[in-house]
Amino acid sequence: MKNLFTIALLAFCVQWATAQDEAVFTHYHINPILINPAHAGFADVHHIQMNLRNQWSGFPGAPSTYMVNYNGPIGKTLGVGLNVLSEEIAQISRVKFGLNYAFRFKANDFNFALGFSTEFQSFQIANSVLDQPNPIFEPGDPVIMDGVDGRRTFDATLGFFGTYKENTFFGLSFPKLVSARIGDNADENGSNGSVFKSYIFQLGNHFNFEGNDITLTPSLLVRKIQNIPFQVDLNLVAGFVDDKIQTGLAYRSGVGGAVGLLLGTKLPPFSAYYSYDVSFQGFQQYNNGSHELTIAFDFSFNKDKKGKK
């Protein structure tokens, strides 16, 4: 098990040093702000959300990711958002701060939003890796030394989100538009080639069966991030009793594939969701699957004055 741990840690170090991929919460289909800045304020309510994901639970040093997110409207056309993310994997830590800005407009049966986010990230490897013998870390390794010193990056994401008749929803975002290193040797990690080399596309529809008080929401996600395998997600969420009870099933292709189950409740202004997923890779035998929890609150400052005249 120790050898497996060191191999996994080395693999993550390589990925961390080259791809700098974003943590992906599987609950993006509940709140698209996790993948698309254009969704800031789109629901026309103030939304506070807390996410926790425990990847590969039971495996030593497995990733744990936490995020607190706020987004809401400003007037009728603007939306803003703020998120803070913290992630720990083995002896590597990551902190990210992000600001989202969105402009909302309407055309007949369509609602649209164009959004932009700016992000600051800090990566660091714990100094303790230098204090103990490690067969995979050579003294003076530039990647490890660079990580111990800390690595800070600035990035940006452009997004587009819309709905048709409030049932069909679609979104397209372009993460990693900048990927600029802050500090020493900042020019080493500048963007090369097209700025749109990474993208995330989302499409889905809400089906309401009023007679049976049931809703079904199938959705599709297509995701291509530079240096990360191509990924396609298929999601299906079913709601019962005015969506007070929700269940879901998800399948993810890429890197062996994975399947997940969702259970949630929506009791305005409170909502909570839990999901559990397992992969089809051989590595699954060494962990207990992945857990994700979302707790959210919606509120509005606009009071309904109807009936008071």
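Structural notes, computed from the coordinates. (Residues numbered from 1 in each chain as written. Predicted model: local features only at pLDDT ≥ 70, side-chain atom pairs only at ≥ 80, totals over all residues. Heavy atoms only, no water.)

## Some points on the nonpolar core
Inference 1: With ten residues, the main nonpolar core is built from Phe 25, Tyr 28, Leu 34, Ile 35, Met 67, Leu 85, Ile 200, Leu 221, Ile 225 and Ile 228.
Inference 2: The contacts of Ile 200, once residues within four sequence positions are left out, are Ile 35, Gly 171, Leu 172, Ser 173, Pro 175, Leu 221, Val 222, Arg 223 and Ile 225.
Inference 3: One finds Ala 38, Phe 42, Phe 161 and Phe 169 within the second-largest nonpolar core, a separate group that totals five residues. (Core = buried A, V, L, I, M, F, W, Y, C linked by side-chain atoms within 4.5 Å. Buried < 20%, exposed > 50% of the residue type's maximum accessible area, 1.4 Å probe, protein only. Contact = heavy atoms within 4.5 Å.)

## Some details on unusual backbone geometry
Inference 1: That bond from Pro 268 to Pro 269 is cis: its omega, 10°, falls within 30 degrees of zero.
Inference 2: Structurally, the position occupied by Pro 269 is in the loop between strand S14 (258-267) and strand S15 (270-279).
Inference 3: Unusually for a residue other than glycine, Asn 108 sits at a positive phi of about 55°.
Inference 4: If you trace the backbone, Asn 108 turns up in the loop between strand S4 (92-107) and strand S5 (110-125).
Inference 5: With relative accessibility at 72%, the residue Asn 108 sits in the exposed group.
Inference 6: Here Asp 242, not a glycine, exhibits a phi torsion of approximately 55°, which is positive.
Inference 7: Locating Asp 242 in the fold gives a position in the loop between strand S12 (231-240) and strand S13 (245-252). (Helix = DSSP H or I, 4+ residues; strand = E, 2+ residues; numbered from the N terminus.)

## Here's the deal with empty space enclosed by the protein
Inference 1: What the rule picks out here adds up to two cavities of 30 Å³ or more.
Inference 2: Taken together, 21 residues line the second largest cavity, and the ones lying closest to its centre are Thr 26, His 29, Asn 235, Ala 250 and Gly 260.
Inference 3: When its residues are assigned to classes, the lining of the second largest cavity shows eleven nonpolar, seven polar and three charged. (1 Å grid on protein atoms, 1.4 Å probe; cavity = no way out; pocket = protein on both sides within 12 Å on 5 of 7 lines; lining within 4 Å. Points joined across faces, edges and corners; volume = space filled by probe spheres on them. Nonpolar A, V, L, I, M, F, W, Y, C, P; charged D, E, K, R; others polar.)

## So, the pairing of strand S7 (residues 168-174)
Inference 1: Of all seven residues that make up S7, five are buried, and the element is covered over most of its length.
Inference 2: Sheet topology places S7 next to strand S9 (residues 199-205); six bridges connect them, and they run antiparallel. Looking across to S9, one finds that Gly 171 is bridged to Gln 202. (Pairing = 2+ DSSP bridges.)

## What about the packing of aromatic side chains?
Inference 1: Tallied over the entire structure, the rule returns 13 aromatic pairs.
Inference 2: Linked through ring pairs, Phe 103, Phe 105, Phe 110, Phe 112, Phe 160, Tyr 164 and Phe 170 together constitute an aromatic cluster. (Phe/Tyr/Trp six-rings, centres within 6.5 Å; stacked < 30°, edge-to-face > 60°.)

## Quick look at a nonpolar patch on the surface
Inference 1: A cluster of nonpolar side chains, contributed by Leu 82, Val 84, Val 95, Phe 97, Leu 99, Tyr 101 and Phe 116, occupies part of the molecular surface with about 560 Å² of accessible area.
Inference 2: Elements with a minimum of two residues in the nonpolar patch: strand S3 (78-89) and S4.
Inference 3: A per-element tally of the nonpolar patch places S4 first, with four residues.
Inference 4: The topology assignment puts Phe 97 in strand S4. (Patch = residues over 30% accessible without salt bridge, like charges linked within 9 Å, V, L, I, M, F, W, Y side chains within 5 Å. Areas by Shrake-Rupley, 256 points an atom, 1.4 Å probe, with all protein chains shown as cover. Salt bridge = Lys/Arg side-chain N within 4 Å of Asp/Glu carboxyl O.)

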